[in-house]
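If you want the building blocks of each chain, they are given just below.
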Amino acid sequence: MELLNYRERWCDEMANVRDAVNAVITAIMAQKDYLTAVDAKTGDGDHGLNMARGFTAAEERLAEMPADAPVKDVLHHIGRAFIENVGGAAGPLYGIAFVRASEAVNNKTRLDVHSFDKLFTAGIDAIQRRGRAERGDKTMLDTLIPIRDAFRAENADGKSLRECLEDALNAGRAGAEYTKTIAARRGRAALIGPRSIGIEDPGAMSSLIMFRALCSYLRG
């Protein structure tokens, strides 16, 4: 059975949106110490704490929203929670990514391959503009861009949503793993340059953790 058959109305049902967000939050909280430990090897050692702070603030904002709030409002408030409560690189970058993703959808958006392409493209563009980074700079983009590309028409043509999600997850894993092999060219890790080789990028890993949690939720 294709994934679309039993999660077809995900974007139409606020309860499912909340469940998906909760799955992502749970995954980040479970990996908070790991993300902080990885970040400590190349940066400030606060990535896990910042991600937890952002999603804790997001939880509080979402709890105040009406049960039938559209998905675009959910994404917007997650983004604002990060922007307003998290410092460092993670707050502004993830924050603007969620906000711009919210602007790429409307109240009738359904979860399909095209929607994933739009959401990720909007978020990636925002991160690139704000962080002035590209794929290969050892950042979250090394995970997010391969994930997004799996939903592009040239790669997704003729595939079900489930197949695209599996392709995207595999591509995201490969992208995060790739960050171990390259030197950082952006952020605080760039200060140690070649010495960052052999260490995964914390932003690439947090992006993978979030998407992996979403895929797990969608699998039911």
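An account of the accompanying structure is given in this report. (Residues numbered from 1 in each chain as written. Predicted model: local features only at pLDDT ≥ 70, side-chain atom pairs only at ≥ 80, totals over all residues. Heavy atoms only, no water.)

**Points about the overall build of the chain**
For clarity, the threshold we go by: Elements are defined by DSSP. Helices are runs of H or I of four residues or more, strands are runs of E of two residues or more, and each kind is numbered from the N terminus. As defined in this context, the radius of gyration uses C-alpha atoms, and a globule is described by 2.2 Å times the residue total to the power 0.38. Burial classification: accessible surface area is computed with a 1.4 Å probe over protein chains only, and a residue below 20% of its type maximum counts as buried, one above 50% as exposed, and the rest as partly exposed. Whether two residues are in contact is decided by their heavy atoms: any pair within 4.5 Å suffices. All accessibility values rest on the Shrake-Rupley procedure with a 1.4 Å probe; residue burial counts only the protein chains present in the view.
Counting secondary structure elements, the chain contains eleven helices and zero strands. When the helices and strands of the chain are listed from N to C terminus, the series reads α-α-α-α-α-α-α-α-α-α-α. On C-alpha atoms alone, the chain measures out to a radius of gyration of 16 Å, which is about the 17 Å that the 2.2 N^0.38 rule sets for 220 residues. Its C-alpha atoms give the chain principal-axis dimensions of roughly 45 × 40 × 30 Å. In the chain, buried positions account for 54% of the 220 residues. Taking the contacts inside the chain whose residues are at least 6 apart along the sequence as the reference set, 68% of them involve residues at least 24 apart. A total accessible area of about 10,100 Å² is found for the chain, and carbon and sulfur atoms account for 48% of it.

**Re the packing of aromatic side chains**
Formally: Aromatic rings from Phe, Tyr and Trp, taking only the six-membered ring of Trp, are treated as a pair when their centres fall within 6.5 Å; an angle between ring planes under 30 degrees marks them as stacked, one over 60 as edge-to-face, and anything in between as tilted.
By the definition in use, this model includes seven aromatic pairs. Taking the centre distance of 6.2 Å and the plane angle of 20 degrees together, the rings of F116 and F120 count as stacked. Highlighted residues: F116 and F120, both in helix α7 (residues 113-131), separated by four residues, approximately one helical turn. Residue classification places F120 among the buried residues on the basis of a relative accessible area of 17%. Members of the aromatic cluster, joined through ring pairs, are F55, F82, Y94 and F98.

**Description of the environment of L141**
For L141, the location among the structural elements is in helix α8 (residues 141-149). Accessibility expressed as a relative area gives 0% for L141, which makes it buried. Spatially, the C-alpha atoms of L141 and A171 are 12 Å apart, while their sequence positions differ by 30 residues. When near neighbours in sequence (up to four residues on either side) are disregarded, L141 contacts I124, I127, Q128, A133, E134 and P146.

**Topic: the nonpolar core**
Our working rule: Buried Ala, Val, Leu, Ile, Met, Phe, Trp, Tyr and Cys residues form a nonpolar core when they are joined through side-chain atoms within 4.5 Å.
Within the largest apolar cluster, 60 residues are counted, with the highest numbers of intra-cluster contacts made by M51, F55, I78, F116, F151, L165 and F211. At the level of elements, α2 (14-30), α4 (47-63), α5 (71-85), α6 (90-103), α7, α8, α10 (161-178) and α11 (202-218) are the ones that each hand at least two residues to this core. Of the residues forming this core, the biggest block, eleven residues, is contributed by α11. Apart from the residues within four sequence positions on either side, M51 is in contact with I28, F82, A90, Y94, S206 and M210.

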